[in-house]
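Listed here are the chains, written in short residue letters.
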Amino acid sequence: DSGVTQTPKHLITATGQRVTLRCSPRSGDLSVYWYQQSLDQGLQFLIHYYNGEERAKGNILERFSAQQFPDLHSELNLSSLELGDSALYFCASSDLTGRETQYFGPGTRLLVL
Amino acid sequence: AQSVAQPEDQVNVAEGNPLTVKCTYSVSGNPYLFWYVQYPNRGLQFLLKYITGDNLVKGSYGFEAEFNKSQTSFHLKKPSALVSDSALYFCAVRDTANTGFQKLVFGTGTRLLVSP
């Protein structure tokens, strides 16, 4: 158990809908990262938050957004969902020492029908 | 831009034999290198990392990896494979030249199949 929790574990929804994925980092970690794992794209970095502030964006669609709250949990919002958004979404957390390991949660499996 | 290559989609090995899962990387600065393992329907589990120092890094479950700067490689090894090692293995790199950008870039993964 990495100490990173993600809810829900599974999500089935329809095209055009909006969903919210939630992540709680390990105790003491200020950084949260979101990654998407799909069969065609592999593991792709989406976005990084540190202590409530966005630090970096990767290949994140404009339909997707995220935020990190004062209690350090993070939410990834996916809107106007398309079939191609079906994937496994991982959250990872770390401290920010520069040599940190990112510890991953169990993921949320999203299926868009 | 940083990148990672895992040239083998699958590695097959018999239980008790040594295993190697290959990884090469490309960065502009010095690399931080990581290996993760993913079991079916599970998240990524951290195995080991190279930051600096000794080129041979020891990690969880008897795995080790050797950093080779001249060959830009970071191959994962284990002296004696177990059936329970069967899983998907990912190599990842962070480029220290981008100090403000903490993302990991992952390889495509190598499926390890250990037969009894």
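Look up a bit, the structure's there.
Below or above, wherever it landed, is the structure these notes cover. All values reported here derive from a predicted model rather than from experimental measurement.

This part takes up the nonpolar core. Counting 28 residues, the largest nonpolar core has Trp35, Leu47, Leu48, Phe74, Leu76 and Tyr89 of chain B as its most contacted members. Counting residues per element, the ones that place at least two in this core are strand 2 (10–14), strand 3 (19–21), strand 5 (31–38), strand 6 (44–50), strand 8 (64–68), strand 9 (73–78), strand 10 (87–95) and strand 12 (110–115) of chain B. Ranked by the residues each element gives to this core, the list is headed by strand 10 of chain B, at four residues. In contact with leucine 48 of chain B, not counting residues within four places along its chain, are Leu33, Phe34, Trp35, Val57, Lys58, Gly59, Phe63, Glu64, Ala65, Phe74 and Leu76 of chain B. In terms of nonpolar packing, the next biggest core, distinct from the first, is built from 20 residues, Val19, Cys23, Ile47 and Leu76 of chain A among them.

Right, let's talk about the sheet that holds strand 8 (residues 74–78) of chain A for a bit. All names here are of chain A. The strand order across the open sheet formed by four strands is 1-3-8-7, and the pairing between neighbours is antiparallel. Where the open sheet ends on each side, the last strands, each with one partner, are strand 1 (5–7) and strand 7 (64–68). Along the sheet, successive strands turn relative to each other by an average axial angle of 15 degrees, direction set aside.

This part takes up the pattern of salt bridges. Pairing between side chains becomes possible if they bear opposite charge and their charged atoms approach one another. Using the criterion set out here, one finds six salt bridges over all chains in the structure. A salt bridge links aspartate 29 of chain A to arginine 26 of chain A, with the nearest nitrogen and oxygen atoms 2.8 Å apart. Exposure remark for aspartate 29 of chain A: the relative accessible area of 4% places this residue in the buried category. By relative accessible area, arginine 26 of chain A is classed as partly exposed at 24%. Here lysine 58 of chain B makes a salt bridge to glutamate 64 of chain B, at a shortest N to O gap of 2.9 Å.

This part covers the pairing of strand 6 of chain B. Along a regular strand, successive side chains alternate from one face of the sheet to the other. All names here are of chain B. Relative to strand 6, strand 5 runs antiparallel, the two being bridged by six bridges. Bridge pairing in strand 6 places tyrosine 36 opposite phenylalanine 46. A loop of five residues connects strand 5 with strand 6, the two strands running antiparallel in sequence, and asparagine 41 in this loop sits at a positive phi of about 60 degrees.

Moving on, we come to the environment of serine 94 of chain A. Along the chain, serine 94 of chain A turns up in strand 9 (residues 87–94). Among residues more than four places away in sequence, those in contact with serine 94 of chain A are Asp29, Leu30, Ser31, Tyr33, Glu100, Thr101 and Gln102 of chain A.

What follows concerns a nonpolar patch on the surface. Residues and elements named next belong to chain A. On the surface, a nonpolar cluster with roughly 310 Å² of combined accessible area is contributed by Ile12, Leu111 and Leu113. Along the chain, leucine 111 turns up in strand 11 (residues 108–112). Here leucine 111 falls in the partly exposed class, since its relative accessible area comes to 38%.

What follows covers unusual backbone geometry. Peptide bonds are mostly trans, and most non-glycine residues show a negative phi. All names here are of chain A. Cis geometry marks the peptide bond from threonine 7 to proline 8; its omega dihedral reads -10 degrees. Inspection of the secondary structure puts proline 8 in the loop between strand 1 and strand 2 (10–13). At asparagine 51, a residue that is not glycine, the phi angle is positive and equals roughly 50 degrees. In this structure, asparagine 51 sits in the loop between strand 5 (42–50) and strand 6 (53–57). Located in the positive-phi region is leucine 72, a residue other than glycine, with phi close to 80 degrees. Structurally, leucine 72 is set in the loop between strand 7 and strand 8. By relative accessible area, which is 16% here, leucine 72 ends up buried.

Another aspect to go through is the pairing of strand 5 of chain A. Residues and elements named next belong to chain A. Extensive coverage of strand 5 is indicated by the burial of seven of its nine residues. Pairing between strand 4 (residues 31–38) and strand 5: eight bridges, direction antiparallel. Pairing of tyrosine 35 across the sheet is with phenylalanine 45, part of strand 5. Following strand 4, the chain reverses through three residues before pairing antiparallel with strand 5. In terms of strand pairing, strand 5 meets strand 6 through four bridges, oriented antiparallel. For tyrosine 50, the partnering residue across the bridge sits in strand 6 and is glutamate 53.

The rules we used
What you see as residue numbers is a count from 1 along each chain, following the sequence as written. To read the labels, note that chains go from A and ligands from 1, taken in the order they are written. Since the coordinates come from a predicted model, pLDDT governs what is reported: local features require at least 70, and pairs of side-chain atoms require 80 or more to be given and counted, while whole-chain, interface and lining totals use all residues. Only hydrogens and water are removed before side-chain values are computed, so all heavy atoms of the structure are retained for them. By nonpolar core we mean a set of buried residues, namely Ala, Val, Leu, Ile, Met, Phe, Trp, Tyr and Cys, connected to one another through side-chain atoms within 4.5 Å. Relative accessibility thresholds used throughout: buried, under 20% of the residue-type maximum; exposed, over 50%; partly exposed, between the two (1.4 Å probe, protein chains only). Strands are runs of DSSP state E lasting at least two residues, helices are runs of H or I lasting at least four, and both sets are numbered from the N terminus onward. Should any heavy atoms of two residues lie within 4.5 Å, those residues are counted as being in contact. For two strands to be treated as a pair, DSSP must find no fewer than two bridges joining them. The axes used here are C-alpha line fits, helices contributing only the stretch in contact, and every angle between their N-to-C directions lies in the interval 0 to 180 degrees. The term salt bridge refers to a side-chain nitrogen of Lys or Arg lying within 4 Å of a carboxyl oxygen of Asp or Glu. Exposure above 30% relative accessible area and the absence of a salt bridge qualify a residue for a patch, where like charges join within 9 Å and nonpolar side chains (Val, Leu, Ile, Met, Phe, Trp, Tyr) within 5 Å. Areas reported as accessible are Shrake-Rupley estimates using a 1.4 Å probe. Residue values count occlusion only from the protein chains shown.

Geometry only, nothing functional implied.
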